[in-house]
Amino acid sequence: MEENKKILLPSKRFKKADTEELDLRLNLETTESLMRIGDKDIILDIDKLYDKERNESKKYKIFGKIKMVFRNMYSGNTDYTYLKDRLYLVGNGTTTDHTGFLPYDEFALLRKDVVREYNEPQTGTTLTGYTQAPFKLVGPTGHTIVTPITAPYQNWNVYLSYVYGNDSGYTMTYTLSGATKTEGTNIVRFKAGDGIPFRVSYSGGTMYELTSPVEHGMKAGEYITLSGTTLTGTTTGRTFYINTIGNEFHNSQNYVINILKNQLKSGTTFTNVMVGKRVLDRNNINGSTSKYYVHKHKTLTDANSYILDKVGFETPIWEDEKKLIFENFSGENDVLVERNRMESVLFDFKEPFILTGLTNNLGYTPTEVYVTTIYKNGQGYFNYPPKVGHKFNFHDSWIDEHFSGTTSSNTETKIPTGTTFTSRSGISGFTPGNVITIGTTGLTGAFVEYNSIELKERIISESYHKFTAPITRFNHNQDNSDPNGPLYSGATANNPIGLYYQPFHRVKLRQLSPYLESAATNDIYNLPENVTFDTNEKVWRWRDLYDHGYIDVDGNGTRFPFTNGTHYVRTDINLYLRNERQYNNKPLGLTPPNFDC
């Protein structure tokens, strides 16, 4: 059997790479010298040696900047005197109303309310009988003692992690609008592996309109397999052709798909909410249906593996919010309180990360790691551990049932709680978080779609951590108990309003080509480690791993500074800490009331 062979230019190592010059240039000037027996003549190409060392190196130094993006929006009150004295009051302290905002230091990356030691000078006329006076403390000591050394680690911890596995059985909840929540009507519980939730509407025309709260990633001409249908006499007919996407609203093509009603067999109806999977080929449903799951992370560092420090010479665009209170609750005059402070800090992992011996959830060496920011709750003012949700669990005017109660499906149980302590002023019941150790597994990450034909993951929604304040500690009507306050449907003492943030931030280490490669070969030893075998077409498929320093025409690739055998990877992170009630969760794309889902 004759094989088809093709000679590729050197530049064609990667698909669509630029053509290299193949001309051989001859230098007319020559230098000749006699060689002794045993000598070797070596021509050293510095550029090639640099590229070789660069691509063989597995060491990565991870560093960068974290910018806190936060506006403190919850005003309330507390019976804890120490905290009450430090609230940023709504008023100016001239009345008995001490409603205010939590001080910014309770959210800060770098706390400023630190305690320092000093030695008080002593006077005397003789040295006889002199004893050294004990050191005195300067700074707030009524709750806990935070020193300049512990200040960067009191509220937040920063780790490195990677995706080692996935969970298609992870339980999710999707809540529709409406004051009365009913299971199966406007509350739907499903597994991550079931697909993406869609709200079904039918205006009496020829189409069913399916609206997703997240980008569905589907195209007209593809197919969707739906669960949640009511069928009579048969269990077939669940896969439907996608006739069109979008409607008359801006950006709706990312959220809306349309299915002709005549595709449904007689007796088949849709429920209010369906869960759907993307299908590329109806003749190969098993092989072309996307898989859905959540990432599972494993930590690569501990809480002592990084340094956090101030950024010099940076002026943020927001201004700090401070004011002098005439008199606080304890009667102290001219107290400076702070509601917001714009923060930028540098983070630097002390030791380089070595990319060896790891396997990601797809079975090959990871091409990315994650800078993982975890709110530690060192002061113990909030409920802990945090709860975990995804994009469709946060709404503009009501609270999702996903966060109700404390279950393994809505709580990040892999983050340990610390020992409950009593404050230095004698108040008990504060439970902080604890540090995470190296090798901790099972942290819940993004909601993901993966298609084995395309060999590519698509992030449907990043994961979010949500934390709340106990009503007994700081009451800002998080249970929606104030009839005169802003209503937030569904909030209860068992399901309060809180704050949330994204814990996992990607750091790209290597780049896989966006182009699929395929070959029908038995030489499996020379195939890359991300190769898979297509049993339908009987071919191997993979994506090339780009060399460091190569950037394709679409901007894909990596070009990190490389010196002393180490890649220096800088990552700048915007850490958005959002108020669940006030934050507008969907400012772009679908907005209520037309797409209130």
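I will try to describe carefully the structure that is included in this document. (Residues numbered from 1 in each chain as written. Predicted model: local features only at pLDDT ≥ 70, side-chain atom pairs only at ≥ 80, totals over all residues. Heavy atoms only, no water.)

On a plain count of helices and strands, the protein comes out with four helices and 34 strands. Sorting the 597 residues of the protein into buried and exposed places 47% on the buried side. For the protein, the proportion of contacts with a sequence separation of at least 24, taken over those separated by at least 6, is 74%. With an accessible surface of roughly 31,100 Å², the protein has 50% of that area assigned to carbon and sulfur atoms. (Helix = DSSP H or I, 4+ residues; strand = E, 2+ residues; numbered from the N terminus. Buried < 20%, exposed > 50% of the residue type's maximum accessible area, 1.4 Å probe, protein only. Contact = heavy atoms within 4.5 Å. Areas by Shrake-Rupley, 256 points an atom, 1.4 Å probe, with all protein chains shown as cover.)

Next up on the list: the environment of I459. Tracing the backbone through its elements, the reader meets I459 in strand β26 (residues 456-461). Linking I459 and G217, residues 242 residues apart in sequence, is a C-alpha distance of 9.7 Å. Setting aside anything within four residues of it in sequence, one finds I459 in contact with H295, A446, F447, V448 and R506.

Positionally, N328 belongs in the loop between β19 (321-327) and β20 (333-340). For N328, the side chain forms a polar contact with the main-chain nitrogen of S330, separated by 3.1 Å. Contact partners of N328, with chain neighbours within four places excluded, come to D85, H98 and V335. (Polar contact = N/O pair within 3.5 Å; in protein donor to acceptor, adjacent residues only side chain to side chain.)

It is worth spelling out the side chain of S513 at this point. Mapped onto the fold, S513 is located in strand β30 (residues 512-519). Residue class for S513 comes out buried when judged on its relative accessible area of 1%. Of the polar contacts made by the side chain of S513, one reaches the backbone nitrogen of Y515; its length is 3.0 Å. Beyond its immediate chain neighbours, meaning those up to four positions away, S513 contacts R543, D544 and Y546.

Ranked by internal contacts, the top residues of the largest apolar core, which has 67 residues, are I62, V371, F382, L509 and L577. The element contributing the most residues to this core is strand β7 (residues 156-167), with six residues. When sequence neighbours within four positions are dropped, the list of residues in contact with F382 reads L102, E106, F107, Y375, N377, T431, F467, T468, A469, P470 and L499. With 31 residues, the next largest nonpolar core counts M172, I259, Y292 and I460 among its residues. (Core = buried A, V, L, I, M, F, W, Y, C linked by side-chain atoms within 4.5 Å.)

Turning next to the pairing of strand β21 (residues 343-349). Two faces belong to every sheet, and in a regular strand the side chains alternate between them. Taking burial as the measure, the seven residues of β21 include five buried ones, the bulk of the element. Where strand β1 (residues 59-70) and β21 come together, six bridges link them in antiparallel fashion. Paired with M68 across the strands is E343, a residue of β21. Where strand β18 (residues 306-310) lies against β21, five bridges are found, and the strand directions are antiparallel. Paired with D309 across the strands is L346, a residue of β21. (Pairing = 2+ DSSP bridges.)

Looking now at the pattern of salt bridges. The tally for this structure, following the rule as stated, stands at 21 salt bridges. E321 is paired through a salt bridge with R339; the nearest N and O atoms lie 3.9 Å apart. One end of the pair, E321, is in strand β19; the other, R339, is in strand β20, with 18 residues separating them in the sequence. In this structure, E537 engages R541 in a salt bridge whose closest nitrogen and oxygen atoms are separated by 2.8 Å. By relative accessible area, which is 49% here, E537 ends up partly exposed. You can call R541 buried: its relative accessible area is 12%. (Salt bridge = Lys/Arg side-chain N within 4 Å of Asp/Glu carboxyl O.)

A few words now on unusual backbone geometry. The amide bond that connects Y384 to the next residue, P385, takes the cis arrangement and shows omega of 0°. Within the element layout of this structure, P385 appears in the loop between β23 (368-375) and β24 (387-389). Backbone geometry places N377, a non-glycine residue, at a positive phi of 60°. Judged by relative accessible area, N377 falls into the buried class, the value being 1%.

As summarised here, the arrangement of the three strands in space is β30-β32-β31, forming an open sheet in which the pairing is antiparallel. At either end of the open sheet lies a strand with only one pairing partner, and these are β30 and β31 (532-534). Pairs of neighbouring strands in the sheet enclose a mean axial angle of 30°, with direction left out of account. Pairing of β31 with strand β32 (residues 539-545), which is carried by three bridges, proceeds in the antiparallel orientation. Bridge pairing in β32 links F533 to W540. (Axes fitted to C-alpha atoms, helices over the stretch in contact; angles between N-to-C directions.)

Throughout the structure, instances matching the rule amount to 34 aromatic pairs. Centre to centre, the rings of F70 and F107 are 4.9 Å apart; their planes meet at 55°, and the pair counts as tilted. With F70 in strand β1 and F107 in the loop between β4 (100-101) and β5 (116-118), this pair connects stretches of sequence that are 37 residues apart. Grouping residues by exposure puts F70 and F107 together as buried. Ring pairs connect the aromatic residues F70, Y104, F107, W156, Y375, F382, F467 and Y501, which therefore count as one cluster. R86 extends its terminal NZ or CZ atom over the ring of Y82, reaching a point 3.9 Å from the ring centre. The ring centre of Y80 lies 6.0 Å from the NZ or CZ of R473, which sits over that ring. (Phe/Tyr/Trp six-rings, centres within 6.5 Å; stacked < 30°, edge-to-face > 60°. Lys NZ or Arg CZ within 6 Å of the ring centre and 35° of its normal.)

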